[in-house]
Protein chains: 2
Amino acid sequence: MIRRKKPPTISHVAQQAKVSIATVSRVLNGTTPVDDKTAKRVRAAINKLNFVPRHAARVLAGKRTHTIGLLLPEISGAFFQPMLKGIEAGAHDAGYDLLIHSTQIHDPSHRPLGEHNTDGLLVFTNSLDDQELARWHRIKFPVVLLHQTPPDSLNIPVITIENKNGAAMLINHLIEIHGKRRIVFLRGPEGHEDSVWRARGYREALEIHKIKFDHSLIASGGFDDEEAFITIQQMLTNGIDFDAVFAGDDDAAIGAIRALRMAGRVIPGDVAVVGFDDIPFARYLSPALTTVRAPIEEVGREAVRQLARLMNGEQAEALTLMRTELVIRESCGCAPASTISNPLQDELISSTRR
Amino acid sequence: MIRRKKPPTISHVAQQAKVSIATVSRVLNGTTPVDDKTAKRVRAAINKLNFVPRHAARVLAGKRTHTIGLLLPEISGAFFQPMLKGIEAGAHDAGYDLLIHSTQIHDPSHRPLGEHNTDGLLVFTNSLDDQELARWHRIKFPVVLLHQTPPDSLNIPVITIENKNGAAMLINHLIEIHGKRRIVFLRGPEGHEDSVWRARGYREALEIHKIKFDHSLIASGGFDDEEAFITIQQMLTNGIDFDAVFAGDDDAAIGAIRALRMAGRVIPGDVAVVGFDDIPFARYLSPALTTVRAPIEEVGREAVRQLARLMNGEQAEALTLMRTELVIRESCGCAPASTISNPLQDELISSTRR
DNA sequence: TACAATCATGAAAGCGCTTTCATAAAAACA
DNA sequence: TGTTTTTATGAAAGCGCTTTCATGATTGTA
């Protein structure tokens, strides 16, 4: 064990300033007016002793932890950087600390985050079982979901993006502008809701254009570079015929492109490839990736904003759908450049069931 | 404020199990043997009441928070994803929670992280003033630095990578294999130590080959795509003559390439461009980026490992230098593929002054 | 000048745990 | 069977704060 000098406590400060601990607490929190002179004395004492209130004691005495928790399945893929950035910034703005837990090893008995150490929780898709979610809902513990609708139609706020619409825009473009008919769709990880909605967008776009849905064109890309690579290689080996790939997300698009190249296919000449998310690198791929821009960072910020409302006892939006926009670049077969946004949508569409 | 049913406390459990709270605490922590039958009763009560100990109370009563803090300047750039992943995983393995704070707004009076709410701290370069660091050192609070040597030669453990060597390998390659003589170096952000060491590697490599150092070839890239883009554009406008660019890091390399392309230069034909870090996308750029692989995720893991030793009262390595390796791809002018590691180094070089 | 109203401050009661110390019950020994 | 050792458990004292309640000092009003 470490032996270090005991840090000063509030009573040391009180002694030094010749006041009671109650008064120190008051100048610390500004809860009750304190005479200017005494306040000055107290502040001097705090500085002199280099006093920092112990977090645990405050939390225990008061009611709030001033901390929000973030539950993630894992930190990987280019997707998480902007999301984390947005959440961190949002937490900072709202005056909360951020406790992060990635639940790679899901041990239900050891609950790392919850009402005992946070004031509220941000839960990313796939990181938790519905039962725990239901429990929190029951005890009215503030929770906001990211990219995941609540189970059993519990009334838990959700922030997500226009996945279906985005995917449909992409597929429409592929069909209408480039005359593609056999478009592969690479699913995301099991249970990942973004993937489900993107699949729906895909199917709807096909239906509109009277293209028959073909099961053999659907496979798993895992929203992951490596997995997509392997999957596309297999499809190629199996002689499946296709003229375009909607990779599920940008990471998977990268893997798909790699596999296609390795097999000698030209992109977009032989096969068009499109992604989803518009990660920062999408534009630097060659050919530059046609994709859908998801306002990932803004999702994070907005999620914290909604959570803050919940934590203040206010109502939060049941559903916040962030707008996505088509980003046409080269990998679909278009000539370089230009960003086309979707004119049918508003900046933020809330409380509307998809 | 939110009104929710009060969560069960240890005394509710005690009542339910017909034991004292001391006994409940004992089965909770396994500190003292408890009779099997009673233990079973207690566990049943815990389950029935859905009891989770309140973190704040444990911390206040015991001495440890079971939390480590991470101090970052900001979460941006492709660099942070693997680093965070490594740190999160390391913390998880060591049984600690992770509290993240990015100090974009540096308010010295409000100390978000410290001895009052964590057992130890990971501090990334550029995120803190030396004074605070010195204070922690004085009170023997466990701190490990990432990519930054301690000020005033305080004895604080450091984890970083072989920056100088990596940069030198890169420049040597450019000179020896590709005959480059006028190599631009793009510095990182002010005060970023990685940048300082890379600059030294750059200069040493020049010296070895008797190439005179030219001030006009040094400029700021900020380890940032956009900043590098602007800088290179300016150098081009100013008519500065160069045949290669060492961009400081991979993000900056991307910006540099973009600026060069826009000016009609061919890469690597007219100008070779190399980066540093080997972020996941480096290989997918075109031309594929020649760079130095930094084991970023492993740095994060190792940092937590060292911090854990400190927190357990053990000694930690004063300096852990993680090995870097040259990754030759196309942007330097080489033909595709092949990874050349540096045979002069061991897996991990520790406690050796650079 | 007398009394009420206002204000600044202190005393003390928790918040929910861990841990020490004491004690009753059980086991071991003679 | 009586005495000592061991084991399981409870009572109670904090840990360092916030907050309520009471009180003495100050100001205002007539």
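Residues numbered from 1 in each chain as written. Chains lettered and ligands numbered in written order. Predicted model: local features only at pLDDT ≥ 70, side-chain atom pairs only at ≥ 80, totals over all residues. Heavy atoms only, no water.

Draft legend 1. Region of the structure containing the overall build of chain A. Scanning chain A for helices and strands turns up eleven helices and 14 strands. With respect to the principal axes defined by its C-alpha atoms, chain A has extents near 85 × 40 × 40 Å. Looking at chain A as a whole, 54% of its 354 residues qualify as buried. Here the contacts in chain A between residues at least 6 apart in sequence split such that 69% fall between residues at least 24 apart. As presented, chain A carries roughly 15,600 Å² of accessible surface, and 51% of it is formed by carbon and sulfur atoms. (Helix = DSSP H or I, 4+ residues; strand = E, 2+ residues; numbered from the N terminus. Buried < 20%, exposed > 50% of the residue type's maximum accessible area, 1.4 Å probe, protein only. Contact = heavy atoms within 4.5 Å. Areas by Shrake-Rupley, 256 points an atom, 1.4 Å probe, with all protein chains shown as cover.)

Draft legend 2. Looking closely at unusual backbone geometry. Here the bond from A:Ile267 into A:Pro268 is cis, since omega is 5°, no more than 30 degrees from zero. Tracing the sequence through the fold places A:Pro268 in the loop between helix 10 (250-262) and strand 9 (272-274). Backbone torsion omega between B:Ser286 and B:Pro287 reads 0°, so that peptide bond is classified as cis. For B:Pro287, the position within the fold is in the loop between strand 9 (272-274) and strand 10 (291-293). Residues other than glycine seldom take positive phi values, yet A:Asn50 does so here, at roughly 60°. Structurally, the position occupied by A:Asn50 is in the loop between helix 3 (36-49) and helix 4 (55-61). Since its relative accessible area comes to 30%, A:Asn50 is described here as partly exposed. For B:Lys210, which is not glycine, the phi dihedral falls at a positive 55°. Looking at the element boundaries, B:Lys210 is found in the loop between helix 8 (193-208) and strand 7 (218-220). By relative accessible area, which is 73% here, B:Lys210 ends up exposed.

Draft legend 3. Region of the structure containing the packing of aromatic side chains. With the rule as written, the count across this model stands at 18 aromatic pairs over all chains. On the numbers, 5.9 Å between centres and 55° between planes, the contact of A:Phe79 with A:Phe124 is tilted. Of this pair, A:Phe79 sits in the loop between strand 1 (67-72) and helix 5 (80-94) while A:Phe124 sits in strand 3 (residues 120-124), and the two are 45 residues apart along the sequence. A single burial state applies to A:Phe79 and to A:Phe124, both of which are buried. An aromatic cluster of three or more residues is present, and its members are A:Phe185, A:Tyr202, A:Phe213, A:Phe246 and A:Phe276. Geometry around B:Phe276 places B:Arg198 over its ring, the cationic atom sitting 3.8 Å from the centre. The aromatic ring of B:Phe213 is capped on one face by B:Arg203, whose charged end is 3.7 Å from the ring centroid. (Phe/Tyr/Trp six-rings, centres within 6.5 Å; stacked < 30°, edge-to-face > 60°. Lys NZ or Arg CZ within 6 Å of the ring centre and 35° of its normal.)

Draft legend 4. Inspection of the protein's contact with DNA strand D at higher detail. In the vicinity of DNA strand D, 27 residues are found, and the nearest of them are A:Ile10, A:Ser25, B:Ser20, B:Thr23 and B:Arg26. Near the protein, within 4 Å, the atoms of DNA strand D are sugar or phosphate in 66% of cases. Within the backbone of B:Ser20, one N or O atom sits 2.7 Å away from a phosphate oxygen of DNA strand D. Between DNA strand D and B:Thr23 there is a distance of 2.7 Å, counted from a phosphate oxygen to a side-chain nitrogen or oxygen. For the surface near DNA strand D, the elements supplying multiple residues, two or more each, are helix 2 (21-29) and helix 4 of chain A together with helix 2 (21-29) and helix 4 (55-61) of chain B. Considering every element that reaches the surface near DNA strand D, the biggest residue donor is helix 2 of chain A, with five residues. When the residues that make up the surface near DNA strand D are grouped by side-chain class, the tally is 13 nonpolar, eight polar and six charged. (Near = heavy atom within 4 Å. Polar contact = N/O pair within 3.5 Å; in protein donor to acceptor, adjacent residues only side chain to side chain. Nonpolar A, V, L, I, M, F, W, Y, C, P; charged D, E, K, R; others polar.)

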